[in-house]
Amino acid sequence: MSLSFQHGRLISDLVTRKMTSLGGVVANAIKTKLETALQTKHLEVINESYMHNVPKGAETHFKVVVVSDKFDGLPLIKRHRLVNDILQEELRSGVHALSIVAKTPQQWDVSDKVIESSPNCRGGFGK
Amino acid sequence: MNSLIRRSIYPLYCNNFKISTRYFADGAVKEKIDQIVKNNKVVVFMKGIPDAPRCGFSNAVVQIMRMHAVPYESHDVLSDENIRQGIKDYSNWPTIPQVFINGEFVGGCDIMLQMHQSGELVEELKKVGIKSALLTAEESKKEGA
């Protein structure tokens, strides 16, 4: 019984993972741009819009985990500016929040690789 | 024909007018922000006020400041549309909250959080003559031991 339960959970896990990895138009654009510009060793584009007061399926709030050699020797603020610059089009046209984790491959390897989700919304969006 | 010309010229004129007033406003806003960030050691541009932040990211910055007991001036960008856009242009940073220390843009929520975790924030505050409450607490613990 427990086996079938686990199996069911595994499937639902796979389904949700597939759904999130499919992503929307904006998520895919973000992914492609960061991959190309930074030759990322690891990249996660997480749509956190559901945590906010926006329509279902919206692509307004994102978190990106970017691991790239190009961050080597750059202070945090410059890494963030680099990512912001690459995504300036998206940020200008509808992406409202962008949380960034920017690490070099070395930093990523020694990190616990746990990405905490962003703080909860407090209703300020669009008001 | 005449109306066609008018139709094509009118929006042009309109746009130019908008652009020139915007430039004027931009200059004034920039000056205002300049004053704000240079007249205070620590400034936070946020959504809502420290007692009632209206965004999770702004709230996180407020909590960090509270932990370190930092005296700071806060500005609610939701109450001033000019500042809301102006601050993004000023620091060339697309999101709110934004933290300034000694007139210099330091970062948003992610960077503040990391600076807090790495201990860098304590050092940055020290540079401008603010002693973090976390440092004070650590010292008194050592004295006690």
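Before reading further, recall that the structure is shown in the block above.
It should be emphasised that the depicted structure is a prediction, and the values quoted were computed from it without experimental measurement.

Visitor: Which residues make up the overall build of chain B, and what are the values?
Guide: Per the secondary structure count, chain B includes 6 helices and 6 strands. Ordered by position from N to C terminus, the α and β elements of chain B give α-β-β-β-α-β-α-β-β-α-α-α. Sorting the 145 residues of chain B into buried and exposed places 39% on the buried side. Partitioning the intrachain contacts of chain B with sequence separation of at least 6 by distance along the chain shows that 60% fall at a separation of at least 24.

Visitor: Can you lay out the pattern of salt bridges for me, pointing to particular residues and giving the numbers?
Guide: Residue and element names in this part refer to chain A. For the structure on display, the rule yields 8 salt bridges over all chains. Ionic pairing is found between Glu90 and Lys33, a salt bridge with its closest N-O pair at 2.9 Å. Of this pair, Glu90 sits in helix 4 (residues 88-92) while Lys33 sits in helix 2 (residues 25-38); the two residues are 57 residues apart in sequence, bridging distant segments of the chain. Relative accessible area serves as the criterion here: at 10%, Glu90 is assigned to the buried category. Given the relative accessible area of 26%, Lys33 is considered partly exposed.

Visitor: How would you sum up the packing of helix 2 of chain A against helix 3 (residues 76-86) of chain A? Please name residues and give values.
Guide: Helix packing geometry: the angle between the two helix axes and the distance between the axes. Residues and elements named next belong to chain A. Across the interface, helix 2 lies against helix 3 with an axial gap of 10 Å and an inter-helix angle of 125 degrees. The orientation of helix 2 with respect to helix 3, classified from their angle, is oblique. When the axes of helix 2 and helix 3 are compared, the crossing they make is right-handed. Touching Lys33, Leu34, Ala37 and Leu38 of helix 2 are Leu82, Val83 and Ile86, all from helix 3.

Visitor: Which residues make up the sheet that holds strand 1 (residues 42-47) of chain A, and what values go with them?
Guide: Residue and element names in this part refer to chain A. With mixed pairing, 3 strands are arranged side by side in an open sheet as 1-2-3. Only two strands of the sheet have a single partner each, and these edge strands are strand 1 and strand 3 (97-103). On average, each strand axis in the sheet is inclined to that of its neighbour by 10 degrees, with strand direction left out of account. Pairing of strand 1 with strand 2 (residues 61-67) involves 6 bridges; the strand directions are antiparallel. When the sheet's bridge partners are listed, His42 is paired in strand 2 with Val67. The sheet strands contacting helix 3 are strand 2 and strand 3, and the helix crosses strand 3 at an angle near 125 degrees.

Visitor: Please provide a residue-by-residue account of empty space enclosed by the protein, values included.
Guide: A full pass over the atoms with the stated rule returns 1 cavity of 30 Å³ or more. In this model, the largest cavity occupies a volume close to 30 Å³. As for the largest cavity, its lining consists of Arg81(A), Asn84(A), Asp85(A), Asn92(B) and Trp93(B). Looking at side-chain class alone, the lining of the largest cavity contains 1 nonpolar, 2 polar and 2 charged residues.

Visitor: An account of the sheet that holds strand 4 (residues 73-76) of chain B is requested, with residue identities and associated values reported.
Guide: Residue and element names in this part refer to chain B. On the basis of which strands lie adjacent, the open sheet formed by 4 strands has the order 4-1-5-6 and mixed pairing. Of all the strands in the sheet, the pair left with one neighbour each is strand 4 and strand 6 (104-107). Direction aside, neighbouring strands of the sheet carry axes that sit 25 degrees apart on average. Judged from the 4 bridges that link them, strand 1 (residues 42-46) and strand 4 form a sheet pairing that is parallel. Along strand 4, the bridge assignment pairs Val43 with Glu73. Set on the sheet, helix 3 (residues 81-91) makes contact with strand 1, strand 5 (98-101) and strand 6; between it and strand 5 the angle comes to about 60 degrees.

So, how was this worked out
Residues numbered from 1 in each chain as written. Chains lettered and ligands numbered in written order. Predicted model: local features only at pLDDT ≥ 70, side-chain atom pairs only at ≥ 80, totals over all residues. Heavy atoms only, no water. Helix = DSSP H or I, 4+ residues; strand = E, 2+ residues; numbered from the N terminus. Buried < 20%, exposed > 50% of the residue type's maximum accessible area, 1.4 Å probe, protein only. Contact = heavy atoms within 4.5 Å. Salt bridge = Lys/Arg side-chain N within 4 Å of Asp/Glu carboxyl O. Axes fitted to C-alpha atoms, helices over the stretch in contact; angles between N-to-C directions. Parallel < 35°, antiparallel > 145°, perpendicular 65-115°, else oblique. Left-handed = near helix turned anticlockwise from the far one by under 90°. Pairing = 2+ DSSP bridges. 1 Å grid on protein atoms, 1.4 Å probe; cavity = no way out; pocket = protein on both sides within 12 Å on 5 of 7 lines; lining within 4 Å. Points joined across faces, edges and corners; volume = space filled by probe spheres on them. Nonpolar A, V, L, I, M, F, W, Y, C, P; charged D, E, K, R; others polar.

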